[in-house]
Structure formats: C-alpha cells, structure tokens
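Chain and residue survey
What follows is the residue order along each chain.
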Amino acid sequence: MEKTIQPTDVQPGIPKAPTGIEGLDEITCGGLPAGRPTLVCGEAGCGKTMLAMEFLVRGATEFGEPGVFMMFEENASDLTANVRSLGFDLAKLERKKQIRLDFVHIERREIQETGEYDLEGLFIRLGHAIDTIGAKRVVLDTIEALFAGLPNHAILRSELRRLFRWLKDRGMTAVITGERGEHSLTRFGLEEYVADCVLVLDQRVQEQISTRRLRVLKYRGSVHGTNEYPFLIGARGLSVMPITSLQLNHKASADRILTGIVRLDEMLGGKGVYRGSSVLVTGSSGTGKSSLAAKFIDAACRRGERALVFAYEESPAQLLRNMRSIGIHLGPWVAKGLLQIHSSRPTMQGLEEHLVVMHDLVRAFQPSVMVVDPISNLTLDSRETEVKPMLMRLIDFLKQQQITSLFTSLAIGGGPTPEDSQLGVSSLMDTWLLLRNVEFNGERNRTIYVLKSRGMAHSNQVREFILSDKGIDLVDVYLGGDRVLTGTARAAQEAQERAATELRVRDHRRKVEQLTSKRRAIDAQIAALHAQAESETAEVDFAIAQETLQAETSQSNIMAMARMRGGRIGDNGRTKGKQ
Amino acid sequence: MKKRARAGHSIQTFEKATAATAHYVLRLYVTGSTPNSNRAIANVRKICEEHLLGKYDLEVVDLSLHPTLAQGEQILAAPTLIKKLPLPLRRFIGDMSQTECILLGLDLRKVD
C-alpha cells in the first residue's frame, strides 16, 4: 500500500524521502533529503524520538522503505510500549521485517579503555541490521549517549564523522537525534557532522499552555519553510501545522454560495459569497453573530453540503436549542450527518493545538462549509503576532480544500471604532460583515453592513438586522436627516412619514377642489356677463330701431305736410333729416 | 600463584584469594585483521600466558564473520575484551596495550 505524495511544488533538485508525517513533507517540500542524514535536535520531551519513529514506521508501511531504529537510551520494549499509543505495532513490524530495533546499551562502569580502538563494532552491528531487512532508513536515537559511555571523545568524534559518511555512502536516509546544548544545537556539536538538514524541535510553555514547535533550521539544496511550526503528537502520530504554508496559490472559485439570508445575499451582489472564501463576522456581544452563522450553516445543509462547526462558547445542545428559538432548526441536519458540532473550551489547549484539531477534523469530515464561533475566544490569551500566522495557515488550508469558512469574532471595545479591534485578522478575510448595536431612543437595535467583500460588487448600505422567531431578516433602515434610524424609532419615523404624506395628499385634494369651485364661479360670472351683454345689445338695437322709426316717421310727416302745403322738398330738409 | 596471607582485612584477603583461584572466561571481539585487532590478540594472549596460565578460557571472535554477535553481546567498540567470569562482568576496549590497566580490571593487581 504505497502512497505517493504530491506536494504542489517539488523542486527539481535533490531527491527526497517523504516522512509521511502530516505537514512536515509540506514544510520541507517533499521530505527529508534521501540518502543523507538529518539531524533532529531539541530538549528532552519535545518529541524527537516520536518524530524519528514515525519517520521510520511510515517509511516502512507507506513508502516501502524498511528501517533500522538504533536506540541508545530507551530499550526496545519501553519504546515499543511508548509508541503503541500512536498506533504503531513495532513487534508486528519487526516480525514482518519492516523494522528492526537495536538497543545499544553502554554501561560506563563496565568499560575500561586500554589503548586505541574504533567503533567498528557499531558499524558491523548497524550494517548487519541494515542488510537483514534491506533497510533504506536509519534512526540513531540520541547517539550522543555515547559521549557519556566512552571517555575518549577524540576517537568518538572521528568515528561519528566516519559513521555519518558511511551512512551516506550506503545511501541511507538517516535521522539522528540530539539533545539540545546550552550554546550549541546539540550538546556535543553533532551539527558539525550532519550538515545537510537540521530540524529543531522545541517545547514552550506560554500562558500555562505548552506547545511543541518545529523549525527547519537548514536544508541544503532545497527550499523549505523557515518559520516555527507548532506540532502535536496526537492519536495518529505527529501533526505539524500548517499543511500548506509556503504558497499562496490556491484555486479561486467563481462559484458563489448563498448565505441563507436573502437580503444579505442581495447586499453581496445578489449571489452570496465565493466558495472557498473566508467570511469574518464581527460585532460586540449580542449583535447576532452566532445566529448569522447558524443561518449560514442551515443554508449549506439545505443544499446538501456538509458543515462543520467549532463552538467555543456553547455546547452542541445549547446551540441547537438557541437556534431553534429563532426558527433555525439544525437538529435534523445533525441527525442526517450533514452537520457536526464540536464544542470545547478554548483554554483546554493552546491555539495551535486547537488548529491542529481543526485540521484533523476537517480532513476526517471533509465539510464544504466551516464555522468557528467565535475565533476571538481562541485568541483571547494569545498575542496578535501569534494569532495572525496561525489563522493565516488555517485559512490557507481551508482555501486549498475549497471550504468556505465563516469566523465570528467578538469585537472588544478599545479602539475608537470596531474596525480597529480586528486589524490583525481582518486582512486575511475575503468578506467582512460588521454587526453593530445602535442604541437610541431607549432601545438597542442591530445593524449590519458589508465592510468589505473582495471580488464582487457589494452594497455600501447599512441594513437593520432583525431576529425573530421566524428567523433572520434584513430591512432597510430609515435614512433621514443626519441619522440612521432603526427599530421603533424607524417605525415611528415611518408612521410619522405616512401621516405627513396623508396630510399632504388631503391638502392637495382640497386645493384642487377649491380651484375647481373657483373656476366654476368664474364660469358662472362669465355666463352672467354674456347674458347682460346680450340684453344690452338688444336694448341698443331697440333704441336704434326706435330712432330710425322716429326719423322715418318725422320725414314722412314733413313730406306729407309739404305735399299738403304744395311746396318742394328742399335740400335742407334731407340734410336735416340725415343729421 | 601468589598467596598473601596478612592479618586483618580478612574479607579483602578472601576476595583476592577467590580471584586468584577463579577460572577466567574471556572473549575478545575483533573486526577483521586490522592493526588494532592484531595487536589486541597478541596483547591479550601474552597477558593470559603470563598471569592466568592454566586457568583461563579465551575465545577470539571476528565480528565481521559473526555480525549477529555484535548486538547480542552489546559490542560497540573494537577490539573489545569481555571478562565474563569471574563476575563482575567487565569490558576492555582498545588494543589492550595498557597491561597494568587490564591486570587491574581482571583483579590481578592490588589497587595501591
């Protein structure tokens, strides 16, 4: 059952022997230098032997490279018992000739030096062990114990030099462990002889939480990560964070997923967030962060996708109950196996170990959506400088797996604006939603806005965020004057607006009516005037007619009189009559 | 055979006597015929002949021919001489050129 490892960027260069240790092959870009010795040094109890043993066991079981484990401090049965907790059955592997254990016991009291000697006995022993099982890998677990057993250090040093060269000549990929010295990497300066690759392990206690760390101090002929990486000795062996650390080359999906809140999706360009992106939801206590996260989970499960939740404040049962109260029923998803909720106390482990646990669970469950509620609890005791790289690795890892992540974070007052409190981690996030309490007019209301959302058009508007037993809804806030109004103030303002509008409408109607009646009055007036004019015209006609009649009558009278008098009608008379 | 009967120190005297009369089982492990190996074989033989004549049992083992013995006998350095009997077990490493040192280790010399 050989496993091929496919690191994304194996450099063309020296051949490498994969260790099979989670994370270590990524840091070293493929593994330890094949056919060369590697020095693993660190203080007592920091995991040197475990690392060496896992290197050997995985080599034998996964990469078809049997190995010899030569120990100088522990005896074989102790070691077998110790690594059984990691699931390594050394006795079985020994029977199958995949591994050979050799305990080199040196009792200083028994040994007396009498002249010149060399360590040919050790060479023969090791050579025989290698030949017996056809070993490709060798571990020398704290060979420095020889310095305590053999008084002549000059001989020992030259023999060690010869040993390492010999291992190299035989093409053995070797791991040599060494205890950390006060002024040097190892107590007896082994780093002088093993110069190809040096790993430094370290165990530190900070804020009462101990963390083991690993660093690749040197790796000839290869690129490697240079940071200190926390690692954990878990149930399945070592786990070095991060899984992907050196590159920033994850795929960027154009696929969008909905958040489950219609109006929020509208704010995010109508399509929600990108798959594989990271979303940060910040806000102070009680702004609805968890509820928003629950809706997000609900939406994912509705699509038939798996969701993983890390709850650091509530137990799974409490979370389910509380979300039921706002109409989000997560229980069925848990029953269907689509949703896993992991609750733990943040103080139980260090941040790094939490993240290692997250890695393990993510790998096991393969979710498409992951929620951490809240991330701020994890970072409570840690310094910002530590938190950021850790989160960066987690987010990198999630992006590599195309897992959409949502982190809630409690904004702790301090900075002048809530934005300030998240400076450290916010730059890592693709989308940042800010939830805020607006306290005004004797009540508190929730608002939400999209502070940033990479790669999409998004609304710049503040929306009111309403939690009810029907779920989550976003409504437009009242934007009037110089204030944003929410809650009852918004409702009151809206009612006031409505009343004012009504009034205006009525006023308008009244004015129109007034105008109409005025117009009607004018019309009436015009009609009256017309009538008057008509009657006056008639009067004038009558007067003219009368005048004409009179004139005609008088003319005919004159003519009649003239006729009677026999006279002629003179010009005077006509002229006169015309006048 | 040197017997030293001295008054007092009865326990020490007894131990010395035991050591002096005990049978010695010695194993010399060498690796091939290197100069060190050859010198060691010669030196050990000489010491045995001179000090343990007739009451020793010396076996010279070439580890390059019997590599499995290296692990079983916890051999590291070569040459290695192991005094298996009388107890306690002692190991001498080197070309066995420091005779006095070996004699001390074999309890054949009194510590002054």
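Right above here is the structure, for reference.
Residues numbered from 1 in each chain as written. Chains lettered and ligands numbered in written order. Predicted model: local features only at pLDDT ≥ 70, side-chain atom pairs only at ≥ 80, totals over all residues. Heavy atoms only, no water.

**Describing the pattern of salt bridges**
All names here are of chain A. Inspection of every chain in the model, using the stated rule, returns 26 salt bridges over all chains. Put simply, Glu 305 and Arg 275 hold a salt bridge, and the shortest N to O gap is 2.8 Å. Linking Glu 305 in the loop between helix H9 (289-302) and strand S16 (307-311) with Arg 275 in the loop between strand S14 (273-274) and strand S15 (278-283), this pair joins segments that are 30 residues apart in sequence. The burial state of Glu 305 is the same as that of Arg 275; both residues are buried. Sharing partners across several salt bridges, the network here consists of Asp 255, Arg 275, Arg 303 and Glu 305. (Salt bridge = Lys/Arg side-chain N within 4 Å of Asp/Glu carboxyl O. Helix = DSSP H or I, 4+ residues; strand = E, 2+ residues; numbered from the N terminus. Buried < 20%, exposed > 50% of the residue type's maximum accessible area, 1.4 Å probe, protein only.)

**Examining the interface of chain A and chain B**
Counting from both sides, the interface comprises 25 residues of chain A and, opposite them, 28 residues of chain B. Across the chain A/chain B interface, buried area totals approximately 2,200 Å², and carbon plus sulfur atoms make up 54% of it. When the buried surface of chain A facing chain B is broken down by residue, Glu 110, Gln 112 and Thr 114 of chain A rank first, second and third, together holding 29% of it. Residue Glu 110 of chain A pairs with Arg 91 of chain B through a salt bridge whose shortest N-O separation is 3.2 Å. Where chain A meets chain B, there are 17 residue pairs in polar contact (both at pLDDT 80 or more). With 6 residues, helix H5 (residues 120-133) of chain A is the single largest residue contributor to the side of chain A that touches chain B. Relative to strand S4 (residues 90-93) of chain B, strand S6 (residues 111-113) of chain A runs parallel, the two being bridged by 3 bridges. Looking at S4 of chain B, one finds that Gln 112 of chain A is bridged to Phe 92 of chain B. (Contact = heavy atoms within 4.5 Å. Buried area = accessible area lost by both parts, 1.4 Å probe. Polar contact = N/O pair within 3.5 Å; in protein donor to acceptor, adjacent residues only side chain to side chain. Pairing = 2+ DSSP bridges.)

**Focus: the side chain of Asp 95 of chain B**
For Asp 95 of chain B, the position within the fold is in the loop between S4 and helix H4 (99-105). Look at Asp 95 of chain B and you get buried, because its relative accessible area is 5%. Once you skip the residues sitting within four places of it in the chain, Asp 95 of chain B turns out to touch Thr 114, Gly 115 and Glu 116 of chain A together with Asn 36, Arg 39, Ala 40, Asn 43 and Pro 79 of chain B.

**What about unusual backbone geometry?**
Across the chain, the bulk of peptide bonds are trans and the bulk of non-glycine residues have phi less than zero. Note that the residue after Ala 78 of chain B, namely Pro 79 of chain B, is joined by a cis bond; omega there is -5°. By the secondary structure assignment, Pro 79 of chain B is in the loop between helix H3 (68-72) and strand S3 (80-85). For Thr 142 of chain A, which is not glycine, the phi dihedral falls at a positive 55°. Checked against the element boundaries, Thr 142 of chain A lands in the loop between strand S7 (137-141) and helix H6 (145-149). Residue Gln 402 of chain A is not a glycine yet carries a positive backbone phi of 60°. When its relative accessible area of 16% is taken as the criterion, Gln 402 of chain A is described as buried.

**Describing the environment of Asp 141 of chain A**
All names here are of chain A. Tracing the backbone shows Asp 141 in strand S7. Taking the C-alpha atoms as reference points, Asp 141 and Phe 72, separated by 69 residues in sequence, lie 6.1 Å from one another. Among the polar contacts made by the side chain of Asp 141, one reaches the side chain of Thr 142 at a distance of 3.3 Å. A polar contact of 2.7 Å, which involves the side chain of Asp 141, links it to the side chain of Thr 177.

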